[in-house]
Every structure is written in C-alpha cells, then in structure tokens.
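Geometric and topological summary
What follows is the residue order along each chain.
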Amino acid sequence: MKPYPFWSFLSISALDAPMISVAWYIYFVEKSQIADLNMQYCLILGCSVWLGYMADRLFDIEFKKEAKFISLRHLFCKQYKPYLWALWAIILISTLIFSLDTLNNDKIVVGFILILIILLYNFLNQYFTKKKFPKEVFIAAIFAYGTLFLIQGPMNLSYLFNFCLICFLNCLIINHKEKKIDQLMGVTSLTHLFSHRFILIIISLSCAYYLISFQSILNPFSIICLINLALHATSKHIDAERFRVITESSYILVALIAVMLLKINL
C-alpha cells in the first residue's frame, strides 16, 4: 500500500475531532469566564472524543467486511486494526482511571450517561446503516454536549445550540461530499437525500441566523458558517479527502484564533 499523504494524518488518525472539541472547549471556557482553563479536563475530553471516533471507524470495518473501503481513514484502520484496537483499549483504561481520579461525582455520572448514549448511537448507526439513519443530527448533538459538559457551572443552552448547529453543518457538508464513498460501504444517511442546492440554503439560513443573533460577522460561528458556505459551493472542485481535511482544519483554526482574540481583548 502506498504511504498516506502527510496532510491526511490528522484525519486518518482520528485526531482531528479531538482537536476540534478541545479547541472549542477552550474557547467556551475563555468566553464564559466562569473558571480557569483546566488542562486535565482538556486531556480527558480529547481522549474521550478520540475513543468515540476511532471506535466508530473500527466498528465500520468489523461489521461491514463485505463493503468496499476507499476512504483513507478506513483503509488506515483496516491496515492497522490489531494495533489500533490495542491502543484504543489502553487509552480507554487510562482515561477511565484518570477521569475517576480527576472529575467530581456529578461529572462522572454525566460522563457515564454520555458513554451509554455514544454506545447506543454506535449500535443504531450499525443496525440502521442502510435505512437512512440521520447520523448527522446525533453526531452533532453528542459532540456538542460532550464538548461543553465539562465546563463548570450550569450548561449554557445558547452555547450548546450554536455549537450544535455548526457541528451539524460540518457533518452535513462532509457527508454530502462523501455520499458516493458511503454508498460503496453500504451506508445511507437521511441527509443523502438533500440536494447540493438545498444544503446551500440551509447554510445560508444559518449564516443569517448568526449574523442577526450576534449583530456582527466577527464571531467564530458566523465565520465558520461562511467558510462552510464557501467550501460547499466549491466542493465539486475538491476531492473528498482534502475536503474533509480543509473543513476540519478550519474548525480548529477558527476556534484557536477566537481564543487568541479573547485573550487580547481581556
């Protein structure tokens, strides 16, 4: 097998999703000013998200052995499956021990419930994989809540909704771009029924919502939304692997730039 291109490393290793989650967690902590940034929580969050995303890919290649895998991330998982399962188990045990030692009882209970929800999602995703399962909605909601629940204090519903929406847009444009790849794997999502133009309308309405809500374009949600709009509009000129990498990278960079601007303003 040919070497994987260097630009695909974050995607094939499933490190892109943890980096997005941690970057936005840092942004929300800095924005809320409720408590100082807890680096131990960042580590728990990053490991937990990696475990979820890597498990999803490993389950894909376990339960869809007859499928044709052409995405780099699935090929990578298939090539290194025994090592990745071993690494997954080590990180799982380490994260559980570290979490039990670090988190308070309330966070442990919520975290345990979140694990059960993730397991339920994986089961439903595999069982209804050919029945137009709306996985984008579930992924966005779980990812957004999982990123925010470690922040001290009550859940900020505005943060949750706004972050959940841009997570949904991320899933929407990536899955639309990878629709042919999913079909070869025997995967069908409800959003595969959406046309390119309909998704443009959804993103445009989301942009309008953010501009009205924040009364400015200079906020990370509006910027991400505009980037999604531009990427989706030009998606025919970008191959699926690069499209995923560009999209995920934009989510990381925008969040980190937003954190830097918050610190400068403070």
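All of the points below concern the structure found in this document. Computed from a predicted structure; not experimentally measured.

The next subject is unusual backbone geometry. Across residues other than glycine, the phi torsion is negative in most instances, and most of the peptide bonds are trans. We note that A14 has phi near 65 degrees; this positive angle belongs to a residue other than glycine. Position of A14 among the secondary structure elements: in the loop between α1 (9–12) and α2 (16–32).

Right, let's get into the packing of helix α7 (residues 135–148) against helix α8 (residues 157–177). In the contact formed by α7 and α8, the axes pass within 8 Å of each other and the chain directions differ by 140 degrees. One way to sum up the angle between α7 and α8 is to call them oblique. For the pair α7 and α8, the sense of crossing is right-handed. Facing K135, E136, V137, I139, A140, A141, F143, A144, Y145, T147 and L148 of α7, the residues of α8 in contact are Y159, L160, F163, C164, C167, F168, C171, L172 and N175. Class assignment for the residues of the contact of α7 with α8 results in 16 nonpolar, 2 polar and 2 charged.

As a further point, take the side chain of R244. Along the chain, R244 falls in helix α12 (residues 240–265). Discounting residues that sit within four places of it in the chain, R244 has contacts with S11, R57, R73, I174 and E178.

If you look at the biggest cluster of nonpolar residues, it comprises 55 residues, and the most contacted ones within it are W24, Y25, Y27, F28, F163 and I166. Within the residue set of this core, elements represented by two or more residues are α2, α3 (39–63), α6 (105–127), α7, α8, α10 (196–214), α11 (220–233) and α12. It is α8 that provides the largest number of residues to this core, a total of 11 residues. Setting aside its immediate chain neighbours within four residues, W24 contacts T147, F163, I166, P220, F221, I224, Y251 and A255. In this structure, I12, I61, F76 and C77 belong to the second largest nonpolar core, which totals 14 residues.

What counts and how
- In this numbering scheme, every chain counts its residues from 1 along its sequence in written order.
- Under the rules for a predicted model, residues below a pLDDT of 70 receive no local features and side-chain atom pairs below 80 are neither given nor counted, while totals for whole chains, interfaces and linings still include all residues.
- Side-chain numbers here rest on the full set of heavy atoms in the structure, without hydrogens or water.
- Secondary structure elements follow DSSP: runs of H or I no shorter than four residues count as helices, runs of E no shorter than two count as strands, and numbering proceeds from the N terminus.
- Here an axis means a line fitted to C-alpha atoms, over the contact stretch when the element is a helix, while the angle between two N-to-C directions is reported on a 0 to 180 degree scale.
- When describing relative orientation, an angle under 35 degrees is termed roughly parallel and one over 145 degrees roughly antiparallel, while 65 to 115 degrees is termed roughly perpendicular and anything else oblique.
- Rotating anticlockwise by less than a right angle from the far helix to the near helix defines a left-handed crossing, while the corresponding clockwise rotation defines a right-handed one.
- We call two residues in contact when some of their heavy atoms are within 4.5 Å.
- Amino acids outside the nonpolar list (Ala, Val, Leu, Ile, Met, Phe, Trp, Tyr, Cys, Pro) and the charged list (Asp, Glu, Lys, Arg) are all regarded as polar, and Gly is one of them.
- By convention a nonpolar core is built from buried Ala, Val, Leu, Ile, Met, Phe, Trp, Tyr and Cys residues, the set being connected through side-chain atoms within 4.5 Å.
- Using a 1.4 Å probe on the protein chains alone, a residue whose accessible area is under 20% of its type maximum counts as buried, one over 50% counts as exposed, and one in between counts as partly exposed.

So yeah, pure geometry; function would need other evidence.
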